[in-house]
Amino acid sequence: MNPDNNPAPKPPAKAADDPAGLVSAEAGKLRESALLEMAKALRALSIYPPRHPQRDRLMELAFNALQGTLSRIGDLSCQVARSGFLMQQLKLGHENAMIRELAQEMHLRQLKSFSLRRELTLSDFTRFLELLLEDPDKFRQGGFIENWCKSHRVMTVWINEIDFSRLVSSSGPEENLIDQPTPPPLEDLFEELLVRLTREADPEKFGQLLREAEAFVRPLIENKQNKLPRRLVLSLSGLLEDERRQGAAAESVRALAQRTIQGLVKGPFLKSLLERRALPELPDAPELDRLFYQVGSAVINPALEIAASREALQAYRPLLDLILGFGPEAVKLLEPRLADDNPVLARKAVYLLGELRDRSAVEPLKTMLSHEDPRLRREAVRALIRIRGLESSRALIGALGSEKDQETRMLMVQGLAEARDLAATPVLIKLLKKTRLGEDGGAEAEIIIEALSRIGSREALPPLIKLLNRRALLNRELKLKLRIKAAQALGQLGGESAMQALARYARGKQTPLSRACTEALARLLEKEGANNGEADG
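As the structure is a prediction and not an experimental result, all values here were calculated from the model.

> Would you take a moment to explain the overall build of the chain for this structure?
If you tally the helices and strands in the chain, you get 26 helices and 6 strands. Within the chain, buried positions represent 48% of all 537 residues. Of all intrachain contacts in the chain linking residues separated by at least 6 positions in sequence, the fraction that spans at least 24 positions is 67%. In the structure as shown, the chain presents an accessible area of about 27600 Å², 50% of it carried by carbon and sulfur atoms.

> What should I look at first to understand the sheet that holds strand 3 (residues 90–92) in this one?
Either a parallel or an antiparallel arrangement is found when strands of a sheet pair, and the pairing is made through backbone hydrogen bonds. What the 6 strands build is an open sheet, ordered 3-2-1-4-5-6; its pairing is antiparallel. Single-partner strands in this sheet number two, and they are strand 3 and strand 6 (162–163). Inspection of the sheet shows strand 1 (residues 76–81) paired to strand 4 (residues 113–116) by 4 bridges, in the antiparallel sense. Residue pairing in the sheet places Ser-77 in a bridge with Ser-115 of strand 4. Across the sheet, helix 4 (residues 122–131) lies against strand 4 and strand 5 (157–159), angled at about 30° from strand 5, the strand it touches most.

> Looking at this structure, I do not really get the side chain of Asp-284. What am I missing?
Checked against the element boundaries, Asp-284 lands in the loop between helix 11 (267–277) and helix 12 (285–295). For Asp-284, a relative accessible area of 14% corresponds to the buried category. Looking at Asp-284, its side chain comes within polar contact range of the side chain of Arg-276, at 3.1 Å. Not counting residues up to four positions away in its chain, the partners in contact with Asp-284 are Arg-230, Leu-234 and Arg-276.

> What am I meant to see in the packing of aromatic side chains here?
In this structure the tally under the stated criterion is 7 aromatic pairs. Considering the side-chain rings of Phe-63 and Phe-125, the 6.3 Å spacing of their centres and the 35° angle between planes classify their relative orientation as tilted. In this pair, Phe-63 is assigned in helix 2 (residues 53–73) and Phe-125 in helix 4, connecting sequence segments 62 residues apart. According to the relative accessible area criterion, Phe-63 is buried, its value standing at 8%. Measuring from centroid to centroid gives 5.4 Å for Phe-190 and Phe-216, while their planes differ by 40°, and the two rings are tilted. Taken together, the positions of Phe-190 in helix 7 (residues 184–199) and Phe-216 in helix 8 (residues 203–222) put the pair 26 residues apart, joining distant regions of the chain. Look at Phe-190 and you get buried, because its relative accessible area is 1%. By way of ring pairs, the aromatic residues Phe-85, Phe-114 and Phe-128 are connected into one cluster.

> Explain the environment of Glu-204 here, please?
Here Glu-204 shows up in helix 8. In the structure, Glu-204 is positioned 52 residues away from Leu-256 in sequence and 9.9 Å away in space, judged by C-alpha atoms.

> Mind showing me how you'd approach empty space enclosed by the protein here?
Think of a ball as big as a water molecule: rolled over the atoms, this probe shows where empty space is left. Using the criterion set out here, one finds 1 cavity of 30 Å³ or more in the structure. Each pocket or cavity is described by its volume, and for the largest cavity that value is around 50 Å³. Surrounding the largest cavity, Glu-311, Pro-343, Val-344, Arg-347, Asp-373, Arg-375 and Leu-376 form its lining. Breaking the lining of the largest cavity down by element, the ones donating at least two residues are helix 16 (343–356) and helix 18 (374–387). Ranked by residue count, the leading element in the lining of the largest cavity is helix 16, at 3 residues. Of the residues assigned to the lining of the largest cavity, the class counts are 3 nonpolar, no polar and 4 charged.

> For this particular structure, what's the right way to read the confidence of the model for the chain?
Close inspection of predicted coordinates is inappropriate in any region flagged by low pLDDT. For the chain, per-residue confidence averages 85 on the pLDDT scale, and 88% of positions sit at 70 or higher. In this model, residues 1–23 is a region of pLDDT below 50 whose contacts with residues beyond four sequence positions or in other chains number 43 contacts. Every residue in residues 169–180 scores below 50 in pLDDT, and together they form 17 contacts with partners more than four places removed in sequence or on other chains.

> Looking at this structure, how should I read the side chain of Lys-348?
Within the secondary structure, Lys-348 sits in helix 16. Despite its burial, Lys-348 pairs with no opposite charge, the nearest such side chain being Glu-311 at 9.4 Å. A polar contact of 2.6 Å, which involves the side chain of Lys-348, links it to the backbone oxygen of Ala-307. Not counting chain neighbours up to four residues away, the residues in contact with Lys-348 comprise Leu-304, Ala-307, Ala-308, Arg-310, Glu-311, Ala-312, Leu-313 and Ala-315.

> Can you walk me through the packing of helix 14 (residues 317–324) against helix 16 in this structure?
What describes two packed helices is the angle between their axes and the distance between those same axes. Across the interface, helix 14 lies against helix 16 with an axial gap of 10 Å and an inter-helix angle of 50°. Taken together, the axes of helix 14 and helix 16 lie oblique to each other. Crossing geometry of helix 14 relative to helix 16 is assigned as right-handed. Across the interface between the two elements, Arg-317, Leu-320, Ile-323 and Leu-324 from helix 14 touch Tyr-351, Leu-352, Glu-355 and Leu-356 from helix 16. Of the residues assigned to the contact of helix 14 with helix 16, the class counts are 6 nonpolar, no polar and 2 charged.

> So what exactly am I meant to see when it comes to the packing of helix 1 (residues 25–47) against helix 2 here?
Two elements in contact, helix 1 and helix 2, have axes separated by 9 Å at closest approach and are oriented at 165°. By the angle between their axes, helix 1 is roughly antiparallel relative to helix 2. By crossing handedness, the relation of helix 1 to helix 2 is classed as left-handed. The segment helix 1 lies against helix 2, with Glu-26, Leu-30, Arg-31, Ala-34, Glu-37, Met-38, Ala-41, Ala-44 and Leu-45 engaging Arg-55, Leu-58, Met-59, Ala-62, Ala-65, Leu-66, Thr-69, Arg-72 and Ile-73. By residue class, the composition of the contact of helix 1 with helix 2 is 12 nonpolar, 1 polar and 5 charged.

Cut-offs applied
- Residues numbered from 1 in each chain as written.
- Predicted model: local features only at pLDDT ≥ 70, side-chain atom pairs only at ≥ 80, totals over all residues.
- Heavy atoms only, no water.
- Helix = DSSP H or I, 4+ residues; strand = E, 2+ residues; numbered from the N terminus.
- Buried < 20%, exposed > 50% of the residue type's maximum accessible area, 1.4 Å probe, protein only.
- Contact = heavy atoms within 4.5 Å.
- Areas by Shrake-Rupley, 256 points an atom, 1.4 Å probe, with all protein chains shown as cover.
- Pairing = 2+ DSSP bridges.
- Axes fitted to C-alpha atoms, helices over the stretch in contact; angles between N-to-C directions.
- Polar contact = N/O pair within 3.5 Å; in protein donor to acceptor, adjacent residues only side chain to side chain.
- Phe/Tyr/Trp six-rings, centres within 6.5 Å; stacked < 30°, edge-to-face > 60°.
- 1 Å grid on protein atoms, 1.4 Å probe; cavity = no way out; pocket = protein on both sides within 12 Å on 5 of 7 lines; lining within 4 Å.
- Points joined across faces, edges and corners; volume = space filled by probe spheres on them.
- Nonpolar A, V, L, I, M, F, W, Y, C, P; charged D, E, K, R; others polar.
- pLDDT = per-residue confidence, 0-100.
- Lys, Arg positive; Asp, Glu negative; His and termini not counted.
- Salt bridge = Lys/Arg side-chain N within 4 Å of Asp/Glu carboxyl O.
- Parallel < 35°, antiparallel > 145°, perpendicular 65-115°, else oblique.
- Left-handed = near helix turned anticlockwise from the far one by under 90°.

What follows is the structure in structure tokens.
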């Protein structure tokens, strides 16, 4: 598998403390410890976004631990199996869940063996683990691993017995530009061009300078050297907002700047700018936001896809806020994403529609109440609660009777309590009647009783009085709690039948139930007295 005209690479060095090539128990433990550090580092990469301080700290900790091991054992070379790693027939990490997961990630991506060289660098270690975060389907295309390591200049890690340092050293001059900083002379030329561009007021000369700038940055964008292209588009973005420039010539200059922004800020370059915006406490965050809003709604879907790369709902909060800033314009693009195959993306689209509170989104959100994923259904319930309005509450009423997931049902009931829609009363009564009063059912019954109390329909009086009158031989404590809750609800709803039911239990010896009934009855009498006083006045 070696490239043509390259001599066969030497095999990785044997362990320094194992000269015979056999793996002692102690050396095996050292290797398992190193594999565990790799697994921890991979998890950190999957959780934290690029340039996050915690990500960098955890990577350095893992790398330093690995260097200590490599200094003792030499190269860390392992064969990859689905359930762990092998070293000269010795099983490594088969009983450790994190190491097994690491092996599975490698196995999925067709890594049969790897070797971390004694001279391993932090950059190569990071690139090697980033390779394991790539979509497994990409590895089915021949040469993906070789191209990855070649383009990222990985020189101190061998994969599948290939020494990539030879591939990197044999690459052409254009390939060696990848991931290299912009040479200082070029950067100086660019700065000079940028100064002339931002000072030019004549549209024809500005257009000429702009063409030069575009020709300058396009090759950089292709090579993912985005520092200077970012400087250019942010400068043009600032020019669009410069109110000191007035008149027809200024409008022509702005039109040229806007056209260039639209032409450059797309595809991978747009994605890189959005990934940068996702970083916390970014100095140029306001300038990037201004640029994104100038680009327009074309940034919404890429921003959503980046935000969906992490499952936590609030992950990449700056990108979620960016999408929300588009207002109704975002609603039109978010609604089709509710049907996305990626449940994380669909859930975040649901969340954003709820935050936008646009009632035109009620109908598409209503369809999500029957989605097979309960997390998506719950998010749709929260969104409808935030949007409010009759359409939202009627959507919740329609879905409540058929909802099988208790957590989702309870959320719906709480939403209907907030909406105070009288039409919800019959559905809630029916749900209360069929709720089994075990421990979980008791919590649900409490929420239903509270909702009936807040909605305020006296249609709920008969079932609440029946619950108040219910005595129990089993689950006494739980049912007493529900009877007290029913007494409090009757005190809110009022009416002659409620007062009679409460009076029945307010008499006699003092118990928690009698106290609750006495307090509820006192509230009703006080309310009735206040109403009579107003009528007399």
